[in-house]
Amino acid sequence: MTSQIRFLICPPHYYDVDYVINPWMEGNIHKSSQERAVEQWDKLHHILKEHAIVDIVPPQKGWPDMVFTANAGLVLGKTVVLSRFLHKERQGEEPYFNQWFEDNGYTVHELPKDLPFEGAGDALLDREGRWLWAGYGFRTELDSHPYLAKWLDIEVLSLRLIDERFYHLDTCFCPLANGYLLYYPPAFDSYSNRLIEMRVSQEKRIAITEADAVNFACNAVNIESIVVMNKASEPLKARLAEVGFRVIETPLTEFLKAGGAAKCLTLRVTEPVREELHANVSVESRVFNLEGHLLDSGLINRALDLIVDNGGSFQVLNFSLGEQRQSTSAAKVKVSAPSHEVMESIISHLIDLGAVDLPQDERDAKSEPVIQAGVAPDDFYVSTIYPTEVRINGEWVKVHNQRMDGAIAITRTPKGIVAQCKLLRDVEVGEEVVVDVLGIRTIRKTESREKRNAEEFSFMSAGVSSERRVELVVEQVAWELRKIRDGGGKVVVTTGPVVIHTGGGEHLAQLIREGYVQALLGGNAIAIHDIEQAMMGTSLGVDMKRGVAVRGGHRHHLKVINTIRRYGSIAKAVEAGIIQSGVMYECVSNGVPFCLAGSIRDDGPLPDTEMNLIKAQTEYARLLKGADMILMLSSMLHSIGVGNMTPAGVKMVCVDINPAVVTKLSDRGSIESVGVVTDVGLFLSLLLQQLQKLTSPYTAKVS
Ligand code: ARG
């Protein structure tokens, strides 16, 4: 024995794998050898005794996991926070450990019932005693962390575990002497990794491989310069040697079958207190009211999943069930997050879901003045596609010009308060911008089962359509197009050049001619290819009738550009009779406005192409105003641009052969968007056939 460090251990008389409460135990029930376990444990005991003082807590029959004394509680100085096991399989160990602590003069704190915390398995002191690293995500509840800070008077840094193989913090994280840290980064979420990197400098972080991690290399006992563990790879031993640590390997394979190794089998019961340090905990909690069709629309599941997926934890304090099918339910949910930053991101996601309400006293939105034109205050709220309201002086004010990725600008006029979504570059001095996430709500369409079924022709719920669904979508789109046209509505088409290559040009032209399109958005290329086809029968030099490249055909493209440039604009070329058919021809002849947005790879460009992108974005937004439906035809760039400018509630149909584009656009979470993965030429031809079949939209029968 060389130090005053003490460990508490528990002999494995009753050790076995009797149940499954972690992935390591699966398939291992009664598969560990009692004899070998005793032998391995004795060896560990022997090593510990050479370097520290060892105390023994008597094992208890019926509590096989009691050997893992790391889970007895968390000790700092003479204070202990007793574990509250998550699983009933281990809860019976609590009184025995409690007894030992009391008998040995510790002050024991017990957490409220139903607030799991698994002791030093999930809470590890920095070896310099500067702070406590505390895990959550599997066994320990985040809400226990503030208690640790309070009772132990120490700063608590919360780390979220995300890999169920590493369900306790000590299975993947091991603070070492001199500020070193042995850990397995993929076991943590990105926020936690960032926190670790902020606190432990690069030279002090020793990240291990998965192969070492599954051998429980992080589950190590560090006593000054020695590190005791089940097994380490040569490179890991070398890395540790470089910074002055000597690894002592001692096989603990029988205990691995229960999901534990060296560190789990020990509890360090002497942890010096640093008097100059005090509690600090960044865990934040808030109570929310959720209201709506919580159950039958799945809203409650989505809300709770979202809290956990974003690094928080929750407790449902109250739930009142709407008993009638049409009545709504209400839930009171306490949300905790490891930091203010994480809390903000959780709240903004909850706002997107709609139905979230903060308690009365914190309802008004916060805002800050713009002090530099075109720059929003830090921490500005990022707008979404959903209709939004902000609460100012106790009143909910509707936000105008809803779009995503903007800021909410507030102007106080003599007539009242005006709130609108603005691009960052457009915010002006004299305006205020909404910051933080308080006092903001979104109004989401009710998605009760009743409603969904009531709208006979409800648009398909968001989703990517596979081959078999293409026809059904085409029928729906045709029906909608007819209804919008006949009702004097507005359809905007965004299109890429593929429409022309795939032979869809004539169909799109026909749609325009027949009054189904009220504005066209695209780039330089779609117009050139379309005009090339109209003038020369080729698209990028390929004969559109025969599908073969025409000799010298690629020059067609540039000749077309040159010709249009000579006339000064597409409209003038149409007027002069140079262009006699096609998409652009129909736009000009039928007075359908279009905007061609330029890009770095444009040839020419055509005189009509707007190379000032800020102007092009503004023009797109202007043409999109009031749209009832947007047809997005094979253009990733223009479609995503348009998607960002468009509020929820506008029907969006995205057709692309590339599922990634379709998924991106139909993932807006808005029920009105539908994606179709198919050839756009084929889609347009089916669409026209379908439109021809419709005599009147109201007699159309769709199965
Ligand atoms: N079978 C035990 C459990 O699942 C193993 C505990 C390991 N202890 C630890 N500190 N990681 O609870």
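Residues numbered from 1 in each chain as written. Predicted model: local features only at pLDDT ≥ 70, side-chain atom pairs only at ≥ 80, totals over all residues. Heavy atoms only, no water.

Section: the overall build of the protein chain
Put simply, the test is: The secondary structure listing takes helices from DSSP runs of H or I that are at least 4 residues long and strands from runs of E that are at least 2 residues long, numbered from the N terminus. Between buried and exposed lies partly exposed: a residue is buried under 20% and exposed over 50% of the maximum accessible area for its type, with that area taken using a 1.4 Å probe on protein chains only. Surface exposure here means Shrake-Rupley accessible area, sampled with a 1.4 Å probe, where a residue is shielded only by the protein chains that are shown. Residues counted as positive are Lys and Arg, residues counted as negative are Asp and Glu, and His and the chain ends are not counted. We put the charge of a Lys on NZ, of an Arg on CZ, of an Asp on CG and of a Glu on CD.
Looking only at helices and strands, one finds 22 helices and 36 strands in the protein chain. Its C-alpha atoms give the protein chain principal-axis dimensions of roughly 100 × 65 × 55 Å. Counting all 703 residues of the protein chain, 54% fall into the buried class. By element, 50% of the accessible surface of the protein chain is carried by carbon and sulfur atoms, the whole surface being about 30600 Å². Taken as two groups, the 73 positive and 90 negative side-chain charges of the protein chain have centres that lie 5 Å from each other.

Side note on the site of the ligand
Just so we agree on the cut-off: In these notes, residues near a molecule or strand are those with any non-hydrogen atom within 4 Å of it. Throughout this description, a polar contact denotes any pair of N or O atoms lying within 3.5 Å of each other; where both atoms belong to protein, one of them has to be capable of donating a hydrogen while the other can accept it, and for residues adjacent in sequence the pair is counted only when both atoms sit in side chains. Gly counts as polar in this scheme, as do all residues outside two lists: the nonpolar Ala, Val, Leu, Ile, Met, Phe, Trp, Tyr, Cys and Pro, and the charged Asp, Glu, Lys and Arg.
The environment of the ligand is made up of 17 residues, and the closest members are Asn-22, Arg-90, Arg-139, Asp-170 and Cys-264. A distance of 2.8 Å separates an oxygen atom of the ligand from a polar side-chain atom of Asn-22. Between a nitrogen atom of the ligand and a side-chain N or O atom of Asp-65, the distance comes to 2.8 Å. A class-by-class count of the residues in the shell around the ligand yields 7 nonpolar, 6 polar and 4 charged.

Regarding the sheet that holds strand β1 (residues 6–9)
Hydrogen bonds along the backbone pair up the strands of a sheet, which may run parallel or antiparallel. Rule in force here: Only strands joined by at least two bridges in the DSSP assignment are considered to pair.
Taken together, the 3 strands give an open sheet; going across it, the order is β2-β1-β15, and neighbouring strands pair in mixed fashion. Bordering the open sheet on either side are β2 (53–56) and β15 (267–268), each of which pairs with just one other strand. Pairing geometry for β1 and β15, over 2 bridges, is antiparallel. Paired with Phe-7 across the bridge in β15 is Arg-268.

Observations regarding the pattern of salt bridges
This is how the line gets drawn: In the sections that follow, a salt bridge refers to a side-chain nitrogen of Lys or Arg positioned within 4 Å of a carboxyl oxygen of Asp or Glu.
All chains considered together, the criterion is met by 31 salt bridges. We note a salt bridge from Lys-237 to Glu-234, for which the minimum N-O separation is 3.1 Å. With Lys-237 and Glu-234 both in helix α7 (residues 234–242) and 3 residues apart, the pair spans about one turn of that helix. Taking the relative accessible area as the measure of exposure, Glu-234 reaches 55% and is therefore exposed. Across the salt bridge formed by Arg-485 and Asp-486, the nearest N and O atoms sit 3.2 Å from each other. Take Arg-485: its relative accessible area is 30%, and that puts it in the partly exposed class. Counted as one network, the salt bridges with shared partners bring together Arg-36, Glu-254 and Lys-257.

A word on the nonpolar core
Note the following rule: Here, nonpolar core refers to any group of buried Ala, Val, Leu, Ile, Met, Phe, Trp, Tyr and Cys residues whose side-chain atoms link them within 4.5 Å. Two residues qualify as a contact provided that any one of their heavy atoms is within 4.5 Å of a heavy atom in the partner residue.
Grouped together as the largest cluster of nonpolar side chains are 69 residues, with contacts concentrated most on Trp-133, Phe-173, Leu-182, Phe-188, Met-229, Leu-240 and Phe-255. Counting residues per element, this core draws most heavily on helix α1 (residues 34–51), at 5 residues. Residue contacts for Phe-255: discarding those within four places in its chain leaves Pro-12, Tyr-15, Ala-37, Gln-40, Trp-41, Val-67, Phe-68, Gly-260 and Leu-265. In this structure, Ile-500, Ile-526, Ala-573 and Leu-684 belong to the second largest nonpolar core, which totals 48 residues.

Re helix α10 (residues 340–353)
Selection criterion: Here the expected length of a helix is defined as 1.5 Å per residue gap, with one fewer gap than residues.
Over its 14 residues, α10 runs 20 Å from end to end, which matches the ideal 20 Å to within 8%, given 1.5 Å per residue. For α10, the set of buried residues is Val-342, Met-343, Glu-344, Ile-346, Ile-347, Leu-350, Ile-351, Asp-352 and Leu-353. Just past α10, the residue Gly-354 takes up positive phi, approximately 80°.

Looking at unusual backbone geometry
Here Gly-604 and Pro-605 are connected by a cis peptide whose omega angle stands at -5°. Relative to the helices and strands, Pro-605 resides in the loop between β33 (594–597) and α19 (613–624). For Asn-401, which is not glycine, the phi dihedral falls at a positive 50°. Relative to the assigned elements, Asn-401 resides in the loop between β23 (395–400) and β24 (407–413).

What to know about the pairing of β2
The criterion, for reference: A crossover counts as right-handed when, viewed with the strands pointing away from the observer, the path leading from the first strand over the helix to the second turns clockwise.
Inspection of the sheet shows β1 paired to β2 by 4 bridges, in the parallel sense. When the sheet's bridge partners are listed, Ile-9 is paired in β2 with Ile-56. One crossover worth recording links β1 to the parallel β2 by way of α1, and it is right-handed.

A word on the packing of aromatic side chains
Under the convention used in this document: Only rings of Phe, Tyr and Trp enter the pairing, Trp through its six-membered ring, and a pair is recorded when the two centres are within 6.5 Å. The plane angle decides the type: under 30 degrees is stacked, over 60 is edge-to-face, the rest tilted.
In total, this model carries 14 aromatic pairs according to the counting rule given. Each ring, one from Tyr-15 and one from Phe-68, has its centre 6.2 Å from the other, and the planes form 90°; the classification is edge-to-face. One end of the pair, Tyr-15, is in the loop between β1 and α1; the other, Phe-68, is in the loop between β2 and β3 (73–76), with 53 residues separating them in the sequence. Using a relative accessible area of 3% as the deciding quantity, one classes Phe-68 as buried. Measuring from centroid to centroid gives 5.3 Å for Tyr-147 and Trp-151, while their planes differ by 50°, and the two rings are tilted. Taken as a pair, Tyr-147 and Trp-151 lie in helix α4 (residues 145–152) at a separation of 4 residues, close to a single helical turn.

Examining the packing of helix α15 (residues 524–536) against helix α16 (residues 554–567)
Stated precisely, the cut-off is as follows: All axes are obtained by fitting lines to C-alpha atoms, using only the stretch in contact for helices, and the reported angles, taken between N-to-C directions, cover 0 to 180 degrees. If an angle is under 35 degrees, it is roughly parallel; if it is over 145, roughly antiparallel; if it lies from 65 to 115, roughly perpendicular; otherwise it is oblique.
Remark: α15 packs on α16, axes separated minimally by 9 Å, with the N-to-C direction vectors making an angle of 95°. Relative to α16, α15 is oriented roughly perpendicular. Each of Ile-528, His-529, Ile-531, Glu-532, Met-535 and Met-536 in α15 lies in contact with α16, whose residues at this interface are His-556, His-557, Lys-559, Val-560, Ile-561, Thr-563 and Ile-564. A per-class count over the contact of α15 with α16 returns 7 nonpolar, 4 polar and 2 charged.

Comments concerning the pairing of strand β7 (residues 132–136)
Of all 5 residues making up β7, 5 are buried, and the element is well covered by its neighbours. Here β7 shows a buried face lined by Leu-132, Ala-134 and Tyr-136 and a second buried face lined by Trp-133 and Gly-135. Bridging between strand β6 (residues 123–125) and β7 involves 3 bridges; their strand directions are antiparallel. Bridge assignment links Leu-125 to a residue of β7, and that residue is Leu-132. Between the end of β6 and the start of β7, which pair antiparallel, lie 6 residues, with Gly-129 showing a positive phi angle near 75°. As paired strands, β7 and strand β8 (residues 155–160) are joined by 5 bridges and run parallel to one another. Note that in β8 the partner of Trp-133 across the bridge is Leu-157. Once the chain exits β7 it traverses α4 before rejoining the sheet at β8, and the crossover so formed is right-handed.

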